Structures are given as C-alpha cells and as structure tokens.
Amino acid sequence: MISTLDGLPAGVVGFEASGEISADDYRDVVVPAIVDAAEAGEVRFLLVVRDFDGMSSGAVWQDLKVGTEHLGSWKRIALVTDIEWMKHLTSLFGWMTPGETKVFPLAEREAAAAWVAG
C-alpha cells in the first residue's frame, strides 16, 4: 500500500509505503504526482518505508516506466527507512538512479524532507 504524505516543503512529492506495493497503488497514487512534478520542471521525491513485503511485477514495471519517461526531471530522492537491506542496496546502487539519492533513518524524516527540498 502507498499513501501520500502531506505537509512537505513546496516542490516535494512524498509517499509512505508499507506491506506489498501493487501496480494499482503505484499507477493510481505515485505516477500522477511524479508526472505533475516532472511537467513542472523537476522531481524531488521522498519515500518513507516502515515495513515492506515486496512489489508486484506490475508495480516494478510502473516504477521503471515513470522513472525512464522523465529521466531528466529527477533532482533528488530521499529514502527514509530503518530496513537494513534497503539502506545497503540504495547505497550500492543509488548511482544508477537519476538525480541525487540519499538514505535517512526513520527518526530523521524531517531532515530528509529538508534535504530533498534543498
């Protein structure tokens, strides 16, 4: 499930993901916000993950599709999580994503929002 985060700095789109993420979740919640941000000029993306049970193949496809369709618009991505394997993989492969990527612990969500907005 994915839900939209409110109260973020101007220009930041943010979501909280938990459980299993479906293609419908991604297509109906994330994609419209990313497209709007990209059309406005740049994507500053904050993702909070407290627990994670995986992504459907359709959600993975939606993620790849929106990422590549707006490749030049990605400015910053902040991942906020305490899940060790996610932090580790993001540190290893973050260079492959467009824009800057940084990982923050859950306790530093506000710092992540400030960084991604900066």
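About the cut-offs
- Residues numbered from 1 in each chain as written.
- Predicted model: local features only at pLDDT ≥ 70, side-chain atom pairs only at ≥ 80, totals over all residues.
- Heavy atoms only, no water.
- Phe/Tyr/Trp six-rings, centres within 6.5 Å; stacked < 30°, edge-to-face > 60°.
- Helix = DSSP H or I, 4+ residues; strand = E, 2+ residues; numbered from the N terminus.
- Buried < 20%, exposed > 50% of the residue type's maximum accessible area, 1.4 Å probe, protein only.
- Pairing = 2+ DSSP bridges.
- Axes fitted to C-alpha atoms, helices over the stretch in contact; angles between N-to-C directions.
- Contact = heavy atoms within 4.5 Å.
- Core = buried A, V, L, I, M, F, W, Y, C linked by side-chain atoms within 4.5 Å.
- Polar contact = N/O pair within 3.5 Å; in protein donor to acceptor, adjacent residues only side chain to side chain.

(A) Just the packing of aromatic side chains, in detail. The full count for this structure, using the stated rule, is 3 aromatic pairs. A centroid spacing of 5.9 Å and a plane angle of 50 degrees characterise the contact between F52 and W85, whose relative ring orientation is tilted. Residue F52 is located in the loop between β4 (43–49) and β5 (54–55), and its partner W85 is located in helix α3 (residues 84–93); the two are separated by 33 residues in the primary sequence. By relative accessible area, which is 23% here, F52 ends up partly exposed. Take W85: its relative accessible area is 47%, and that puts it in the partly exposed class.

(B) Focus on the sheet that holds strand β7 (residues 100–104). Here we have 5 strands laid out as an open sheet, ordered β1-β2-β4-β6-β7, and mixed in their pairing. The open sheet is flanked by β1 (2–4) and β7, the only strands paired with a single partner. Across this sheet, the average inter-strand angle for adjacent strands is 20 degrees, counted without regard to direction. Of the strand pairs in this sheet, strand β6 (residues 74–81) and β7 are connected by 5 bridges, and their pairing is parallel. Counterpart to R76 in the pairing with β7 is E100. Contacting β1, β2 (12–17), β4 and β6, helix α1 (residues 23–40) crosses the sheet at an angle of about 165 degrees to β2.

(C) Geometry of the nonpolar core. Of all hydrophobic cores here, the largest spans 20 residues; its most connected members are I2, V13, F15, V30, I34, V43 and F45. Considering every element that reaches this core, the biggest residue donor is α1, with 7 residues.

(D) Summary view of the side chain of R44. Mapped onto the elements, R44 comes out in strand β4. Looking at R44, the relative accessible area reads 9%, which means it is buried. Within the structure, R44 has its side chain in polar contact with the backbone oxygen of V116 (distance 2.8 Å). A polar atom in the side chain of R44 sits 2.6 Å from the backbone oxygen of G118. Residues in contact with R44, not counting those within four places in the same chain, are G11, V12, V13, K75, R76, V116, A117 and G118.

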